[in-house]
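# A structural walkthrough
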Amino acid sequence: MSAEIVVVPHTHWDREWYEPFQRFRLRLVALLDEVLDTMEREPGYHFTLDGQLACVDDYLEVRPENRDRIAALVESGRLAVGPWQILLDEFLCSGENIVRNLELGMSRADKLGGAMAVGYLPDMFGHTAQMPQILRRAGLLHACVYRGVPSSVVTDAFAWVAPDGTALRTQYLPAGGYGNGAHLFEDPAQLPERAGEFIQRMREWHGPEGALLAMYGTDHSAPVRGLPGMVADIGARMDTLIGYIGAHSGSVEGLPRVSGELRSHARANILPGVISVRAHVKQAMGRAERMVERYAEPLATLWGGDWPGRFLDMAWWRLVDASGHDSVTGCGVDDTAQQVAARIAEAEQLGQAVRDMVTARLSAAVPSDGVLVVNPTPAARRGVVVVDVAGRDPLVDPAGAPVPAQTLEYAPTLLLDAEMDPATALTFIHGTELYGQHITGWSVDDGTLTFTVARESAVAFNVAQVRGALDGVTRVRIVAEARRTVAALVETPPLGHTSVRPAPYDASAVHGSSAGSAPVAGVRAEERALDNGLLRVEVAADGTLTLTGADGTTLSGAGRIVDGGDVGDTYNYAPPADDRIVSDPESVELAPVYSGPLLAAFDVRRTYRWPAAGQGIDGTPEIPAAARTETTEEIVVDTRVELRAGEPYVRLHVSFDNRCSDHRVRLHVPVPAQAAASYAEGQFAVVTRGLTAEPGCGEEPLPTFPASGWVAAGGVAALLEHVTEYELVDGGAELALTLLRSVGYLSRNLHAMRPEPAGPQLPTPAAQSRGLRTVSLALMPYSGSWEAVPPAAETFRHDLLAVPGTGDPSLTLPSAAPGLSVTGDGVVMTSLRVRDGWHELRVVALSDTSAEAVVSGSFTQARHADLRGRPGDPLPVSSGSVRLALRPWEIATIQLTS
């Protein structure tokens, strides 16, 4: 049996899960203390630290004096660390988050002696399609996986092929996953017998020749003393994971090939219910990632002056930390979920701070009665933006041309009118500030003291003068300048900015080309319908919608709300044996909100009676008899239905107060044509999925899937603000989107859809997600392929940004300024930042055919780079533009400088 087994001692470290982070860290410190002591005492000992640098960072924060000990073991090749910063959930974070995670982990591991050169993914709940390309472009030649592998794989190694064709040698961990050798050394007296059984079991996967991988470790496990001797006793050798896998060249010749994402239930549970549990955490993650990726970093790159690297690094660190496979998933205890939510909130706040710092710099050049409008997308755009302005004059752009506008709301002008002691009113004044605005004047007339206030004021104010005029005053009034909220149709350059202001319109003063822009059809509201020429939306008596596209594509019954029971846990949905489905409202009210011509909206209010909770779900053997209570709660579901000029989709904002437990709420959308497959945006890819999921391990293979930015099927697309669970139901006749899943346990020992526990049976009352819940999305009919959907999703998810001007009111509006343009069929920008003085741009070709990206801006040099930012070959630049040839589904990174 000489060297027939390679033993890889390791731990799988869940950073936070059924205990919060700091409690787990206490155990981590004790474990790594023992690892270091054992490895220094026994020179033959090797250890693999779970593929994530977070373990090292968390340990060294408590034991900083041990850094050199760790570095010595890493440099010797006996302790394997990285390449990830944290073991992530691949489907619940953005593609860019995956890249930054790997980048952070590898760069930090380099400082300790080098990262393990294996894309180790031991316990993720399935794997994204583009992971082989991501790993290869970061310089890694191997992956290692456990969950999600399909039944077609019958060997312990296969070629995993990304959509772009990148094939990566991938080590599969069969027959026990990352703990397949965990019981080898439990009883020294049975070593030969257990080794023989292990060889027999693993030869079925590996074949008759070559060493067999024994992953000796499990969750939170520490090393066993004397292990090198026991390994020698069975004629095996000890190594790290890269020591075993690195013996292979990385060649995929002769290996079976598996293409795309790995989400099969055939070999192991993939626990798909984590996509929809604690949905508000997924919403927060989506907001924070967008704020950092598409607002803070690109705007700071192009318009921010000094690069705010430390702020952005802190934001990314928190986003990466939150992406852990027991973190953003929501499958931990409530304390863990609360800490993850706080981490995500900090990331968003850091992104907001950087965004606001940049826009403050730009808005200083815009007069104080004007509004700066910023475009976060890399294409020129004409879209509706909501702004707040003073007065009643029309809006004009920097060329003096009129800007189409619609007043949505007038702000109150009378802020106070009351009998009171005027001396009391003077205590309300702080400098020139009064009631949140600034004093522009004051007067006393007929016993009334009147202040006039505005958002900005250049008037000198002396409160002592007011005190000297208070004789006989018994009444105080505060009057604000007239202000209004306006929807404006504004043209913005790519990743650039423009501005508008209210001013009397003078046609003779118009200069430039803005006045000659192509007209956009307005939107109008009828009695029960909205229409903008691209889409017609009609509200039925039951509150659902009929959508008719410009090409005649029609669907009826969209937006039906369906409530059903869920007696599962944070990992898996499970309907009660005696379920009660509620889909018909008891009453429906329709109220007009805006009537056009740029923005029209209805509020639809539907009232339901939903069962208050589940019953018979206390974890006893009677769980198959679980049902829903006869007691009900009145639930009002409000839906804002909004249509804007120029948009081929209708925006929906759904909100309700969840006062029920143990249930699932879904929004159903009938598809125009029965669909055999769905198409969903993932991480740098669009994934095609059928109506079923592959079974095998015992977990019920529900065909519920994650969609990142959008999902399309049968002629209708749902545009999304965060990762959302969806399913094609009724044989592909309807698309069902999960709005909420309420459950009360981390894991249930007895689960109707899963044969074994996924964790300890601990209560998670906060996972019931009670309270106000809101979801925003859009629906878009389309004909032909899904390729019309990504451009719409880009504008839906990245609204134009309006910022009040702060410059001198005598200033003229600054000219519109372009930033960076990225064009090309199917080409999507995913990142723009500064690295080592260069602007680093990342794009992906979301297409089955080759594409050409044209990048234009104020740069004179360009070069390729890998995903770690290491420079590559130069690219030719012509007149500030570079042309980049892309393979289908290729992720490309380039660096630009002037």
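In short, a report on the structure. (Residues numbered from 1 in each chain as written. Predicted model: local features only at pLDDT ≥ 70, side-chain atom pairs only at ≥ 80, totals over all residues. Heavy atoms only, no water.)

For Ser259, the position within the fold is in strand E10 (residues 257-259). Taking relative accessible area as the criterion, Ser259 reaches 57% and is therefore assigned exposed. Put simply, Ser259 and Glu289 are 30 residues apart on the chain and 28 Å apart in space, counted from C-alpha to C-alpha. (Helix = DSSP H or I, 4+ residues; strand = E, 2+ residues; numbered from the N terminus. Buried < 20%, exposed > 50% of the residue type's maximum accessible area, 1.4 Å probe, protein only.)

What follows concerns the packing of helix H9 (residues 279-303) against helix H11 (residues 334-363). Helix-helix packing is described using two parameters, namely the angle between the two axes and the distance between the axes. Two elements in contact, H9 and H11, have axes whose closest approach is 8 Å; the angle formed by their N-to-C orientations is 30 degrees. Taken as axis vectors, H9 and H11 run roughly parallel relative to one another. Crossing hand, H9 versus H11: left-handed. Here Val281, Ala284, Met285, Arg287, Ala288, Met291, Val292, Tyr295, Ala296, Leu299, Ala300 and Trp303 of H9 lie close against H11, whose contacting residues are Val340, Ile344, Ala347, Glu348, Gly351, Gln352, Val354, Arg355, Val358, Arg361 and Leu362. In terms of residue class, the contact of H9 with H11 is built from 17 nonpolar, two polar and four charged. (Axes fitted to C-alpha atoms, helices over the stretch in contact; angles between N-to-C directions. Parallel < 35°, antiparallel > 145°, perpendicular 65-115°, else oblique. Left-handed = near helix turned anticlockwise from the far one by under 90°. Contact = heavy atoms within 4.5 Å. Nonpolar A, V, L, I, M, F, W, Y, C, P; charged D, E, K, R; others polar.)

Now for the state of the cysteines. Counted according to the given criterion, the structure contains zero disulfides. The cysteine Cys55 is free of any disulfide, with Cys144 supplying the nearest cysteine sulfur at 16 Å. On the basis of relative accessibility, which here comes to 0%, the residue Cys144 falls in the buried class. (Disulfide = S-S within 2.5 Å.)

Moving on to the sheet that holds strand E9 (residues 237-238). With parallel pairing, three strands are arranged side by side in an open sheet as E8-E1-E9. Either end of the sheet is taken by a strand with one partner, and the two such strands are strand E8 (212-216) and E9. Along the sheet, helix H6 (residues 191-206) makes contact with strand E1 (5-9) and E8, crossing E8 at roughly 120 degrees. (Pairing = 2+ DSSP bridges.)

Scanning the model with the defined rule gives 14 aromatic pairs in all. Summarising the aromatic geometry, the rings of Tyr146 and Tyr178 are spaced 6.3 Å apart at their centres and angled 90 degrees between planes, so their arrangement reads as edge-to-face. In this pair, Tyr146 sits in the loop between strand E5 (142-145) and strand E6 (157-161) while Tyr178 sits in the loop between strand E7 (167-172) and H6, placing the two residues 32 residues apart along the sequence. The exposure classification of Tyr146 matches that of Tyr178, with both residues buried. With a centroid separation of 5.9 Å and an interplanar angle of 40 degrees, the aromatic rings of Tyr608 and Trp610 are classed as tilted. Through a chain of ring-to-ring contacts, the aromatic side chains of Trp13, Trp17, Tyr18 and Phe24 assemble into a single cluster. Just above the ring of Phe21 sits the side chain of Arg15; from NZ or CZ to the centre is 4.3 Å. Over the ring of Tyr573 we find Arg664; its NZ or CZ atom is 3.7 Å from the centre of that ring. (Phe/Tyr/Trp six-rings, centres within 6.5 Å; stacked < 30°, edge-to-face > 60°. Lys NZ or Arg CZ within 6 Å of the ring centre and 35° of its normal.)

Residue Gly82 is joined to Pro83 through a cis peptide bond whose omega torsion reads 10 degrees. Relative to the elements of secondary structure, Pro83 occurs in the loop between strand E3 (79-80) and helix H4 (95-110). The omega torsion across Gly596 and Pro597 is 15 degrees, close enough to zero to call that bond cis. Mapped onto the elements, Pro597 comes out in the loop between strand E29 (587-595) and strand E30 (599-611). Non-glycine residue Asp50 carries a positive phi angle of around 65 degrees. For Asp50, the position within the fold is in the loop between strand E2 (47-48) and helix H2 (54-62). We note that Asp836 has phi near 55 degrees; this positive angle belongs to a residue other than glycine. The residue Asp836 is located in the loop between strand E46 (827-835) and strand E47 (838-845) in this model. The exposure class assigned to Asp836 is exposed, which follows from its relative accessible area of 71%.

This next bit is on the pattern of salt bridges. When the charged atoms of two side chains with opposite charge come close together, those side chains can pair. What the rule picks out here adds up to 58 salt bridges. For Glu526, the salt bridge goes to Arg524, with nearest N and O atoms at 3.2 Å. The partly exposed category is assigned to Glu526, whose relative accessible area is 30%. Overall, the relative accessible area of 45% leaves Arg524 in the partly exposed class. In this structure, Asp657 engages Arg659 in a salt bridge whose closest nitrogen and oxygen atoms are separated by 3.5 Å. For Asp657, a relative accessible area of 33% translates into the label partly exposed. (Salt bridge = Lys/Arg side-chain N within 4 Å of Asp/Glu carboxyl O.)

Another point: the layout of surface pockets. In this structure, the largest pocket spans a volume of roughly 940 Å³. Surrounding the largest pocket, 47 residues form its lining, Arg294, Pro790, Glu794, Val828 and Met829 being those nearest its centre. The set of elements that each furnish at least two residues to the lining of the largest pocket consists of H4, H9, helix H14 (789-797), strand E45 (821-823) and E46. Looking at the lining of the largest pocket residue by residue, the class counts come to 19 nonpolar, 17 polar and 11 charged. There is about 630 Å³ of room inside the second largest pocket. Lining the second largest pocket we find 20 residues, and of these Glu103, Leu104, Ser107, Asp313 and Arg833 sit closest to its centre. If you list the elements that add at least two residues to the lining of the second largest pocket, you get H4, helix H10 (309-322) and E46. The element best represented in the lining of the second largest pocket is H10, accounting for seven residues. (1 Å grid on protein atoms, 1.4 Å probe; cavity = no way out; pocket = protein on both sides within 12 Å on 5 of 7 lines; lining within 4 Å. Points joined across faces, edges and corners; volume = space filled by probe spheres on them.)

Our focus in this paragraph is the nonpolar core. Nonpolar side chains in soluble globular proteins generally cluster together in the buried interior. With 82 residues, the main nonpolar core has Trp84, Phe158 and Leu719 as its most contacted residues. Here this core takes 11 residues from H9, the largest share from any one element. Other than its neighbours up to four places away in sequence, Leu719 contacts Tyr649, Gly709, Trp710, Leu777, Ala778, Val789, Ala792, Ala793 and Phe796. Of all hydrophobic cores here, the second largest spans 52 residues; its members include Leu28, Met39, Leu53 and Val74. (Core = buried A, V, L, I, M, F, W, Y, C linked by side-chain atoms within 4.5 Å.)

So, to be careful, I would describe these as geometric facts and stop short of saying anything about function.
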